[in-house]
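# Understanding the architecture of this molecule
So the chains spell out like this:
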Amino acid sequence: MRRRTAWALLLALTVLLCGCGSDDEDAPSPSAADEPFWRAEFDGGAGTRPSAASWNTETGNRDAEGWGNDELQYYTDESANSSLDGEGHLLISARPAPAGSRLPCYTRQFCPWTSARLTTEGKAALTHGRAEIRAKLPTGTGLLPAIWMLGDNGAEWPAQGELDICEVVGGEPRTVYGTAHGPTYFNENGIGGSLTLPADASQTFHTYAVDKQPRRVTWSVDGKPYFTLTPSKLPAPRDWVFEQDMHLLLNVAVGGDWPGPPDASTPSAATMTVDYVRFYGTGRA
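Procedures and definitions
- Residues numbered from 1 in each chain as written.
- Predicted model: local features only at pLDDT ≥ 70, side-chain atom pairs only at ≥ 80, totals over all residues.
- Heavy atoms only, no water.
- Helix = DSSP H or I, 4+ residues; strand = E, 2+ residues; numbered from the N terminus.
- Contact = heavy atoms within 4.5 Å.
- Disulfide = S-S within 2.5 Å.
- Buried < 20%, exposed > 50% of the residue type's maximum accessible area, 1.4 Å probe, protein only.
- Pairing = 2+ DSSP bridges.
- Core = buried A, V, L, I, M, F, W, Y, C linked by side-chain atoms within 4.5 Å.
- Phe/Tyr/Trp six-rings, centres within 6.5 Å; stacked < 30°, edge-to-face > 60°.
- Lys NZ or Arg CZ within 6 Å of the ring centre and 35° of its normal.
- pLDDT = per-residue confidence, 0-100.

### A closer look at the environment of Ala-46
Residue placement: Ala-46 occurs in the loop between β2 (38–40) and β3 (56–58). Discounting residues that sit within four places of it in the chain, Ala-46 has contacts with Leu-84, Asp-85 and Gly-86.

### Examining the state of the cysteines
In this structure the tally under the stated criterion is one disulfide. With a sulfur-sulfur separation of 2.3 Å, Cys-105 is cross-linked through a disulfide to Cys-111. Residues Cys-105 and Cys-111 are joined by a disulfide whose S-S torsion is about 95°; by sign, that bridge is right-handed. Both residues of the pair, Cys-105 and Cys-111, count as buried.

### Points about the pairing of strand β15 (residues 216–221)
Burial runs high along β15: five of the six residues are buried. Of the strand pairs in this sheet, strand β14 (residues 206–213) and β15 are connected by six bridges, and their pairing is antiparallel. Among the inter-strand pairings, Lys-212 is bridged to a residue of β15, identified as Val-217. As judged from the five bridges shared by β15 and strand β16 (residues 224–229), these two strands associate in the antiparallel manner. The residue bridging Ser-220 from the neighbouring strand is Pro-225, located in β16. The antiparallel pairing of β15 with β16 creates a hairpin that spans two residues between the two strands, and Asp-222 there sits at a positive phi of about 55°.

### So, the nonpolar core
For soluble globular proteins, nonpolar side chains are generally found buried alongside one another. Ranked by size, the top nonpolar core spans 53 residues in total, and within it Ile-147, Met-149, Tyr-208, Leu-248 and Val-277 carry the most contacts. Contacts of Val-277, omitting those with residues within four sequence positions, involve Trp-38, Arg-39, Ala-40, Phe-42, Trp-55, Glu-132, Ile-133 and Leu-248. Core analysis: the second largest hydrophobic core is formed by seven residues, Tyr-75, Tyr-177, Ala-253 and Trp-258 among them.

### Comments concerning unusual backbone geometry
With an omega of 10°, the peptide bond running from Trp-157 to Pro-158 counts as cis. Mapped onto the secondary structure, Pro-158 falls in the loop between β10 (143–151) and β11 (162–167). Looking along the chain, the bond that leaves Ser-268 and enters Ala-269 is cis, with omega of 0°. By the secondary structure assignment, Ala-269 is in the loop between β17 (246–254) and β18 (270–284). Positive phi is not limited to glycine here, since Asp-70 has a value of about 60°.

### What about the packing of aromatic side chains?
Applying the stated criterion across every chain yields a total of nine aromatic pairs. Between the aromatic rings of Phe-37 and Phe-279, the centroid separation amounts to 6.1 Å while the plane-to-plane angle is 50°, which identifies the pairing as tilted. Remark: Phe-279 occurs in strand β18 and Phe-37 occurs in the loop between β1 (14–16) and β2; sequence separation between them is 242 residues. Judged by relative accessible area, Phe-279 falls into the buried class, the value being 0%. With centroids separated by 5.9 Å and ring planes inclined at 75°, the aromatic side chains of Trp-157 and Phe-186 adopt a geometry described as edge-to-face. Of this pair, Trp-157 sits in the loop between β10 and β11 while Phe-186 is found in the loop between β12 (175–181) and β13 (191–196), placing the two residues 29 residues apart along the sequence. For Phe-186, a relative accessible area of 29% corresponds to the partly exposed category. Counting every residue linked through ring pairs, the aromatic cluster contains Phe-37, Trp-38, Phe-42, Trp-55 and Phe-279. A cation over a ring is seen here: Arg-130 above Tyr-280, with NZ or CZ 4.1 Å from the ring centre. Above the face of the Phe-227 ring, Lys-233 is positioned so that its terminal group lies 5.0 Å from the ring centre.

### Things to note about the confidence of the model for the protein chain
Overall, the predicted model of the protein chain reaches an average pLDDT of 91, with 88% of residues at or above 70. The model gives residues 4–33 a pLDDT under 50, and that stretch makes 72 contacts with residues more than four places away or in other chains.

### Description of the pairing of β14
Summarising burial for β14: seven of the eight residues are buried, a large majority. In this structure, strand β9 (residues 125–136) lies alongside β14, joined through seven bridges in antiparallel fashion. Among the inter-strand pairings, Ala-135 is bridged to a residue of β14, identified as His-206. Taking the residues between adjacent antiparallel strands as the criterion, β14 and β15 are bridged by two residues, where Arg-215 takes a positive phi near 60°.

As C-alpha cells, then:
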C-alpha cells in the first residue's frame, strides 16, 4: 500500500472488467494442472487467530509514523480485528477503538480506530509466478483495504519494491487500483492501472492477482488482465526491482492521505473477507 500517496493516481490506466486491453496484457489462466506451492485456506474455528506459522501480525501506529500515510488505525493482534469465521474465511476488520482505550497515534494523541495488518514476511514469498487472492473488500468513506507485496531485498522503501495487487479507496467502491512502486517511481508517481467492477467491491468475492514473470508483471481480476508492466514503461534509469522474492500483506487502513477521514457513513465494522491466498510458480514457503 503506497506511502504518502497523492489524491489521484496520475498514471493509472482505466479499463473495464470486460477484459479490454492491449495484446501484451494476456495473463496466463490457471489450469487444472496448476498446483500452488503455498496456500492459505483459513480452515479453523470461529474466532481463531490466523496461523502464526504462515502469518505475522504487525501492531501499532505512532512508531510507524501512521504507517507512512498519516493513518488513523492502530493495528492490533486481537481476534476482533483478525480471525477466522469458522466457514473457511479470514476476517480483517477495522472498528472504532473501544471506549477508554489509549492507543498512541501519529497524527493525534490516541487512535480512534483499530484494525489488522498481516504479512507473510519470512514465512512465504513469491519469486516468479502468480499470487492469487479471493476476497471481498470493504468500501466506504475513509477506508483503504489493500492486498499487496513488498520485496525481500533488505532495502529501504521504495528501493525495496512494492506491488499493490488491489486497493479500493474511500468513496470509489467499484474502482480497483493496481500499482507498482520502486526507486524512481513511487507515491503519486507509482505506475499502474485501474478497472471498474460491475458492482461495489464489498458485494461479492473477486479473485485479485498479479502474475510476476521475468521483467514482466500483469494485474488481473477474475482472470481478466487489465495492466502489464515491463521495464520499458519505467522512467529512466528504469530501475526494475521485481526479480526477487516478495511477501504478501493484507490490511484495512482507515483515514490518511489518500482516502481522507472516515465520517458517520463509514461502516463499522469494515471487514475484508478473504476466502483463500495461493502462490503458484516458484518461491519460498
